[in-house]
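Breakdown of the fold
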Amino acid sequence: MAGSHGPAVVNDKLVREHAEGWHSFTRFTTISIICVTLILLMFMLHFAVGWGYAVFFMLIGWVATAILALLGKI
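Here is a short report on the structure shown in this document. As the structure is a computational prediction, the values presented were derived from the model and not from experiment.

Conventions adopted
Residues numbered from 1 in each chain as written. Predicted model: local features only at pLDDT ≥ 70, side-chain atom pairs only at ≥ 80, totals over all residues. Heavy atoms only, no water. Phe/Tyr/Trp six-rings, centres within 6.5 Å; stacked < 30°, edge-to-face > 60°. Buried < 20%, exposed > 50% of the residue type's maximum accessible area, 1.4 Å probe, protein only. Helix = DSSP H or I, 4+ residues; strand = E, 2+ residues; numbered from the N terminus. Expected span 1.5 Å × (residues − 1). Bend = angle between axes of the 7 residues up to and from the residue. Contact = heavy atoms within 4.5 Å. Axes fitted to C-alpha atoms, helices over the stretch in contact; angles between N-to-C directions. Parallel < 35°, antiparallel > 145°, perpendicular 65-115°, else oblique. Left-handed = near helix turned anticlockwise from the far one by under 90°. Nonpolar A, V, L, I, M, F, W, Y, C, P; charged D, E, K, R; others polar. Patch = residues over 30% accessible without salt bridge, like charges linked within 9 Å, V, L, I, M, F, W, Y side chains within 5 Å. Areas by Shrake-Rupley, 256 points an atom, 1.4 Å probe, with all protein chains shown as cover. Salt bridge = Lys/Arg side-chain N within 4 Å of Asp/Glu carboxyl O.

1. Thoughts on the packing of aromatic side chains
Per the counting criterion, the structure on display carries 3 aromatic pairs. Look at Phe43 and Trp51: their rings are 5.9 Å apart centre to centre, the planes differ by 85°, and that puts the pair in the edge-to-face class. For Trp51, a relative accessible area of 46% corresponds to the partly exposed category.

2. Some remarks on helix H1 (residues 12-49)
Think of an α-helix as 3.6 residues a turn; residues three or four steps apart then line up on the same face. For H1, with 38 residues, the first-to-last C-alpha span of 54 Å sits near the 56 Å given by 1.5 Å per residue. The sharpest bend along H1 measures roughly 25° and falls at Phe43. Along H1, the residues that are buried comprise Leu38, Met42 and His46. Next to the buried residues of H1 lie helix H2 (51-71).

3. A closer look at the side chain of His46
The residue His46 is located in helix H1 in this model. Non-local contacts of His46, meaning those with residues more than four positions away in its chain, are made with Trp51 and Ala54.

4. Regarding the packing of H1 against H2
Two elements in contact, H1 and H2, have axes separated by 8 Å at closest approach and are oriented at 165°. On the basis of their axis angle, the class for H1 and H2 is roughly antiparallel. Helix-helix and strand crossings are classified by hand; for H1 and H2 the assignment is right-handed. In contact with Arg27, Ile31, Ile34, Cys35, Leu38, Ile39, Met42, Phe43, Leu45, His46 and Val49 of H1, H2 contributes Trp51, Tyr53, Ala54, Val55, Phe57, Met58, Gly61, Trp62, Thr65, Ala69 and Leu70. For the contact of H1 with H2, the class distribution of residues is 18 nonpolar, 3 polar and 1 charged.

5. What about a nonpolar patch on the surface?
A grouping of Val36, Ile39, Leu40, Phe43, Trp51, Val55, Leu59 and Trp62 is seen on the molecular surface, where their side chains present a nonpolar patch of about 690 Å² in accessible area. Secondary structure elements with two or more residues in the nonpolar patch: H1 and H2.

Here's what the structure looks like:
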């Protein structure tokens, strides 16, 4: 039985490592979602302004995402 083994042992170092790993994963996921959204917006934008401008805006979005990621804002 689970209750007969005593209290759970929680190691603070392990908890901190897990929290840091989770933060890295959520940051990666957020950046990935932003990049995929930029690609989808490019595909929709090309109908209105053409491929050249759509790719240009997508590249500007990726540069902005990279800069914000490096600054730690994302």
